[in-house]
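Chain by chain, the residues:
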Amino acid sequence: ATYNGMDTSADAELTYRDAESISDYAIPAVAWATVSGIMQGRDGGVFAPADFTTRAEAAAVFERTDKTI
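Everything quoted here is computed from the prediction, not taken from an experiment.

Enquirer: Would you mind showing me how to read the overall build of the chain here?
Expert: Counting its regular elements, the chain contains two helices and zero strands. Against the compact-globule benchmark of 11 Å for 69 residues, the chain has a radius of gyration of 12 Å, which places it among compact chains. Taken along its principal axes, the extent of the C-alpha atoms in the chain is 30 × 25 × 15 Å. Looking at the chain as a whole, 20% of its 69 residues qualify as buried.

Enquirer: For this particular structure, what's the right way to read unusual backbone geometry?
Expert: Peptide bonds are mostly trans, and most non-glycine residues show a negative phi. At Ala-48, a position not held by glycine, the phi torsion is positive, near 60°. Inspection of the secondary structure puts Ala-48 in the loop between α1 (27-35) and α2 (55-68).

Enquirer: Explain the environment of Thr-8 here, please?
Expert: When you line up the elements, Thr-8 lands in the segment before α1. In this structure, the C-alpha to C-alpha distance between Thr-8 and Val-35, residues 27 residues apart in sequence, is 9.9 Å. Among the polar contacts listed, one links the side chain of Thr-8 to the side chain of Thr-2, at a separation of 3.2 Å.

Enquirer: Got a minute to help me understand the packing of aromatic side chains in this structure?
Expert: What describes a pair of aromatic rings is the distance from one ring centre to the other and the angle between the planes of the rings. For the coordinates displayed, the defined rule picks out one aromatic pair. Geometrically, the ring pair formed by Tyr-16 and Phe-47 is tilted, given 5.0 Å between the ring centres and 50° between the ring planes. Taken together, the residues span a long stretch of sequence, with Tyr-16 in the segment before α1 and Phe-47 in the loop between α1 and α2 at a distance of 31 residues. Residue class for Tyr-16 comes out buried when judged on its relative accessible area of 10%.

Enquirer: Any chance you could explain the environment of Leu-14 here in plain terms?
Expert: Mapped onto the elements of the fold, Leu-14 is located in the segment before α1. Sequence-wise, Leu-14 and Thr-53 are 39 residues apart; in three dimensions their C-alpha atoms are separated by 19 Å. Residues contacting Leu-14, with those up to four places away along its chain left out, are Ala-19, Ile-22, Ile-27, Val-30, Ala-31 and Thr-34.

Enquirer: I'm lost on the pattern of salt bridges in this one. Help?
Expert: A pair can form between side chains of opposite charge whenever their charged atoms are brought close. Within this structure, the stated rule accounts for three salt bridges. For Asp-51, the salt bridge goes to Arg-42, with nearest N and O atoms at 3.1 Å. On the basis of relative accessibility, which here comes to 46%, the residue Asp-51 falls in the partly exposed class. The partly exposed category is assigned to Arg-42, whose relative accessible area is 26%. Between Arg-42 and Glu-57 there is a salt bridge whose closest N-O contact spans 2.7 Å. Here Arg-42, found in the loop between α1 and α2, pairs with Glu-57, found in helix α2; they are 15 residues apart in sequence, far enough to count as distant. In this structure Glu-57 comes out as partly exposed when scored by relative accessible area, which is 27%.

Conventions adopted
Residues numbered from 1 in each chain as written. Predicted model: local features only at pLDDT ≥ 70, side-chain atom pairs only at ≥ 80, totals over all residues. Heavy atoms only, no water. Helix = DSSP H or I, 4+ residues; strand = E, 2+ residues; numbered from the N terminus. Rg over C-alpha atoms; globule rule 2.2 N^0.38 Å. Buried < 20%, exposed > 50% of the residue type's maximum accessible area, 1.4 Å probe, protein only. Polar contact = N/O pair within 3.5 Å; in protein donor to acceptor, adjacent residues only side chain to side chain. Phe/Tyr/Trp six-rings, centres within 6.5 Å; stacked < 30°, edge-to-face > 60°. Contact = heavy atoms within 4.5 Å. Salt bridge = Lys/Arg side-chain N within 4 Å of Asp/Glu carboxyl O.

This is the structure in structure tokens:
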């Protein structure tokens with residue numbers, strides 16, 4: 001997104017129940033991806049940053065990214 005000249009800043013507080021588990025360096029990117037609709041988290045309002053990503057989750061992120069960028 002940055003490469004394509006998009007503003008990737010997002011001044012939003014993450015509301016995932018496990019937001020404190022997201023690494024500090026990743027918070028701006030996760031906030032932007034969440035605000036832009038690319039990432040939505042998992043059921044139960046969690047982001048699950050330490051879990052593996054499923055193929056379906058990755059495909060959804062790729063599709064949303066393609067539509068957004």
